[in-house]
Amino acid sequence: MFLIGPFIIILLNETFTGLPVFVWLVACVGVPVLAFRSIKMPPIDIQPPLAEIDARIAQIQERMEMNRAILDAPPA
């Protein structure tokens, strides 16, 4: 609405004059601003996902060390 509204006003310039143009412009700017102000972002708690990622990294490193030990062992 914020981006398309002015284009609609330009296209309908002959039919829109005076107060309707003002109301349309206020709506094009006011509605997105009010919507933006009314939306509240939830609090971000990144610790649980980070703990899962760290556990997965530790598991992968452990497997890599085990594989490296197998590869470095002399052939039997």
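Computed from a prediction, not measured in an experiment: that's the story for all the values here. (Residues numbered from 1 in each chain as written. Predicted model: local features only at pLDDT ≥ 70, side-chain atom pairs only at ≥ 80, totals over all residues. Heavy atoms only, no water.)

S.K.: Can you help me understand the overall build of the protein chain in this one?
M.R.: Within the protein chain one finds 3 helices and 0 strands. Order of helices (α) and strands (β) in the protein chain, N terminus to C terminus: α-α-α. When each of the 76 residues of the protein chain is scored for burial, the buried share is 5%. Of the roughly 7100 Å² of accessible surface on the protein chain, a fraction of 72% belongs to carbon and sulfur atoms. (Helix = DSSP H or I, 4+ residues; strand = E, 2+ residues; numbered from the N terminus. Buried < 20%, exposed > 50% of the residue type's maximum accessible area, 1.4 Å probe, protein only. Areas by Shrake-Rupley, 256 points an atom, 1.4 Å probe, with all protein chains shown as cover.)

S.K.: I tried to follow the confidence of the model for the protein chain on my own but got confused; where do I start?
M.R.: Predicted coordinates in areas of low pLDDT are best not read in detail. Of all residues in the protein chain, 74% have pLDDT values of 70 or greater, and the mean over the chain is 81. The element-level mean pLDDT for the protein chain is lowest in helix H1 (residues 4-11), coming to 66, with helix H3 (residues 47-72) highest at 95. (pLDDT = per-residue confidence, 0-100.)

S.K.: Could you clarify how one ought to interpret a nonpolar patch on the surface in this entry?
M.R.: On the surface, a nonpolar cluster with roughly 480 Å² of combined accessible area is contributed by Ile44, Ile46, Leu50, Ile53 and Ile57. Note on placement: isoleucine 44 falls in the loop between helix H2 (19-38) and H3. (Patch = residues over 30% accessible without salt bridge, like charges linked within 9 Å, V, L, I, M, F, W, Y side chains within 5 Å. Salt bridge = Lys/Arg side-chain N within 4 Å of Asp/Glu carboxyl O.)

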